Amino acid sequence: MRITSAQHLEELRQLYQLSESKHKKKVIVCCGTGCLANGAAKLVEAFHDNLKQREIRDFSVEAVKETGCHGFCEQGPLVVIEPQGTFYTKVKPKDIPEIIAKSIEGDEIITDRLYTDPVANQKVERYGDVKFFKHQHRLALRNLGKIAAHSLTEALAAGGYKALAKALTKMTPDEVIQEVDKANLRGRGGGGFPAGRKW
């Protein structure tokens, strides 16, 4: 695919957003390194195999999303049912038929698969209520755990590449450097050197 202009990029974004909006309910499977090491790829396969055997109204295999790392590796593999945000941890392939029957076909929560807060010793139903996530304010990583890390179409639907389009079509090189300098963006090599100064 070749994107020829900022307008073309915006048209594609709207098209992909429309496509994404067709899935009212989604299953998000963390496929970051930690979750993959604990069997996340087998979960995705189990979802696909089980969903092929049944028809669920307003739900299809395309609504199973393989996302990048959520940052909560010790509890992986992680599965989130959207839009409710139901958060299941340490999921195994044998759990998938029950998750499909109860949490996808219905709106039931499987208590045994929920995260247990180690301090309060209570089950936490929603992804956003887990203390690890609750107070995070993500900027550059705002789509972490929401879109497939390998999908350009999902990145575009989520607003990806807007800044690049602006930099290429509406800004001079000096304005780009000033913006990076003003944002105090730093390198990730360990020294934290200001990127604007380096550029």
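Our structure is the block above this text.
As a starting point, this report considers the structure included with it.

Rules of the game
Residues numbered from 1 in each chain as written. Predicted model: local features only at pLDDT ≥ 70, side-chain atom pairs only at ≥ 80, totals over all residues. Heavy atoms only, no water. Pairing = 2+ DSSP bridges. Helix = DSSP H or I, 4+ residues; strand = E, 2+ residues; numbered from the N terminus. Axes fitted to C-alpha atoms, helices over the stretch in contact; angles between N-to-C directions. Contact = heavy atoms within 4.5 Å. Buried < 20%, exposed > 50% of the residue type's maximum accessible area, 1.4 Å probe, protein only. Salt bridge = Lys/Arg side-chain N within 4 Å of Asp/Glu carboxyl O. Left-handed = near helix turned anticlockwise from the far one by under 90°. Core = buried A, V, L, I, M, F, W, Y, C linked by side-chain atoms within 4.5 Å.

With that out of the way, let us pick up the sheet that holds strand β1 (residues 26-30). Read from one edge to the other, the open sheet built from four strands follows the order β2-β1-β3-β4, with strand pairing classed as mixed. Where the open sheet ends on each side, the last strands, each with one partner, are β2 (64-67) and β4 (86-88). Ignoring which end each strand starts from, the neighbouring axes of this sheet average 20° apart. In this structure, β1 lies alongside β2, joined through four bridges in parallel fashion. Within β2, the residue paired with Cys30 across the bridge is Thr67. In the packing of helix α3 (residues 40-52) onto the sheet, contacts are made with β1, β2 and β3 (79-82), and the angle to β1 comes to roughly 155°.

Let us now look at unusual backbone geometry. Negative phi values dominate among residues other than glycine, just as trans dominates among peptide bonds. In this structure, the amide linkage connecting Gly76 to the following residue, Pro77, adopts the cis form with an omega of -5°. Within the secondary structure layout, Pro77 lies in the loop between β2 and β3. The omega torsion across Glu82 and Pro83 is 15°, close enough to zero to call that bond cis. Structurally, the position occupied by Pro83 is in the loop between β3 and β4. We note that Asn121 has phi near 55°; this positive angle belongs to a residue other than glycine. Structurally, Asn121 is set in the loop between β5 (115-117) and β6 (122-124). Assessed through its relative accessible area of 62%, Asn121 is described here as exposed. Unlike most non-glycine residues, Tyr161 shows phi in positive territory, near 75°. Along the chain, Tyr161 falls in the loop between α6 (152-157) and α7 (162-170).

Right, let's talk about the pattern of salt bridges for a bit. The final tally for this structure, using the stated rule, is nine salt bridges. Ionic pairing is found between Glu154 and Lys65, a salt bridge with its closest N-O pair at 3.4 Å. Note that Glu154 is positioned in helix α6 and Lys65 in strand β2, a separation of 89 residues in sequence. An identical accessibility class is assigned to Glu154 and Lys65; each is buried.

With that settled, the discussion passes to the packing of α3 against helix α4 (residues 96-104). Where α3 meets α4, the closest approach of the two axes is 9 Å, and the angle between their N-to-C directions is 65°. Crossing hand, α3 versus α4: right-handed. Residues Leu43, Ala46, Phe47, Asn50 and Leu51 of α3 touch α4, and the partners they reach there are Ile96, Pro97, Ile99, Ile100 and Ile104.

Further remarks concern the nonpolar core. In terms of nonpolar packing, the biggest core is built from 35 residues, with Val27, Val29, Phe47, Val79 and Phe87 touching the most fellow members. At the level of secondary structure, the elements contributing two or more residues to this core comprise β1, α3, β3, β4 and α4. Examining the composition of this core, we find that six residues originate from one element, α3, more than from any other. Setting aside chain neighbours within four positions, we find Val79 in contact with Val27, Ile28, Val29, Leu43, Phe47, Thr86, Phe87, Tyr88 and Val91. Leu9, Leu12, Tyr16 and Ala165 belong to the second largest nonpolar core, which has six residues in total.

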